[in-house]
Amino acid sequence: MTVTLITGANKGIGFETARQLLELGHTVYIGARDAERGEKAAAELGARFVPLDVTDDASVTAALAAVDAAEGRLDVLVNNAGILGAEAVDGPTALRVFDTNAVGIVRVTEAALPLLRRSANPTVVNVSSSLGSFWAVTNPDRPEFGLPLPLYAASKAAATMLTVQYAKAHPGIKVNALEPGTTATDMTAAFGVGRPAAESARNVVRLATLGPDGPTGTLTDEFGTLRW
Ligand code: NAP
């Protein structure tokens, strides 16, 4: 049985990823910062709930300790939790956005590494964004060119770079980043754009179910390699 932890899985793309991986037979831990929302989501899907706030070291340590105690290892980590932080461009907002979208990946991945090393096929998926691609945001033919979201974009560039660095540092663990596709979730509600989360979750599932010989250190969307 594949043991999978998904951060920020109480709704949106993370929730639909959990649903699809459960259908594939994974044991799925729904990480959520709010116990009520997390428990409700886990009960709806038949998943397990683990309290997990990616901005809180103690919470992350406790979450991975709970998975360790129950399973003794982790096969798949999906770093999905994220915020847009479009309300302001200032120091406090920048700290919050980077803390969640980039530092959160470091916290959770570092805590997960000992458990991942006990897996026969360890895999980390970082849900990044094409807004973190220098190529996309400087290309007038791309929609990202006209979307000024400096804090979000910079934090996702960091998330993608962390993916590459973790892949290089841990050759025995597959670490890949993706742009899931523009999705109608609470994050994008103000823009009124996007497709159902279940469709984007398929891209996360693709990377979460790579075989032992699968690629590492990549950035992709559903069409293939996404330029940095
Ligand atoms: P969403 O519906 O707003 O879901 C975000 C999830 O992250 C929620 O479960 C939220 O929990 C959780 N979260 C936020 N801060 C957290 C924290 N400190 N600790 C733990 N969980 C936290 O948005 P989504 O669209 O599904 O986003 C999922 C991922 O996809 C994000 O990384 C996002 O950047 C990325 N993405 C989305 C799109 C898109 O078009 N939607 C495009 C590219 C990339 P609460 O319910 O407690 O807030």
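Everything here concerns the structure above.
Below is a short write-up of the structure.

Digging into the sheet that holds strand 5 (residues 123-127)
- Spatially, the eight strands line up as an open sheet ordered 3-2-1-4-5-6-7-8, and their pairing is mixed. Here the strands that pair on one side only, and so sit at the sheet edges, are strand 3 (48-51) and strand 8 (224-225).
- Relative to strand 8, strand 7 (residues 219-221) is paired through two bridges, and the arrangement is antiparallel. The residue of strand 8 that forms the bridge with aspartate 221 is glycine 224.

Describing the site of the ligand
- Around the ligand, the structure places 29 residues, and the nearest of them are Arg33, Asn80, Tyr152, Thr183 and Thr185.
- At 2.7 Å from an oxygen atom of the ligand is found a main-chain nitrogen or oxygen belonging to asparagine 80.
- A total of 890 Å² of accessible area belongs to the ligand in isolation, and the protein chains cover 94% of it.
- Here the ligand is seated within the largest pocket.
- Going through the elements one at a time, helix 1 (12-23) and helix 6 (150-169) are the ones with two or more residues in the shell around the ligand.
- In terms of residue class, the shell around the ligand is made up of nine nonpolar, 13 polar and seven charged.

Analysis parameters
Residues numbered from 1 in each chain as written. Predicted model: local features only at pLDDT ≥ 70, side-chain atom pairs only at ≥ 80, totals over all residues. Heavy atoms only, no water. Pairing = 2+ DSSP bridges. Helix = DSSP H or I, 4+ residues; strand = E, 2+ residues; numbered from the N terminus. Near = heavy atom within 4 Å. Polar contact = N/O pair within 3.5 Å; in protein donor to acceptor, adjacent residues only side chain to side chain. Areas by Shrake-Rupley, 256 points an atom, 1.4 Å probe, with all protein chains shown as cover. 1 Å grid on protein atoms, 1.4 Å probe; cavity = no way out; pocket = protein on both sides within 12 Å on 5 of 7 lines; lining within 4 Å. Sits in = over half its atoms within 2 Å of the grid points. Nonpolar A, V, L, I, M, F, W, Y, C, P; charged D, E, K, R; others polar.

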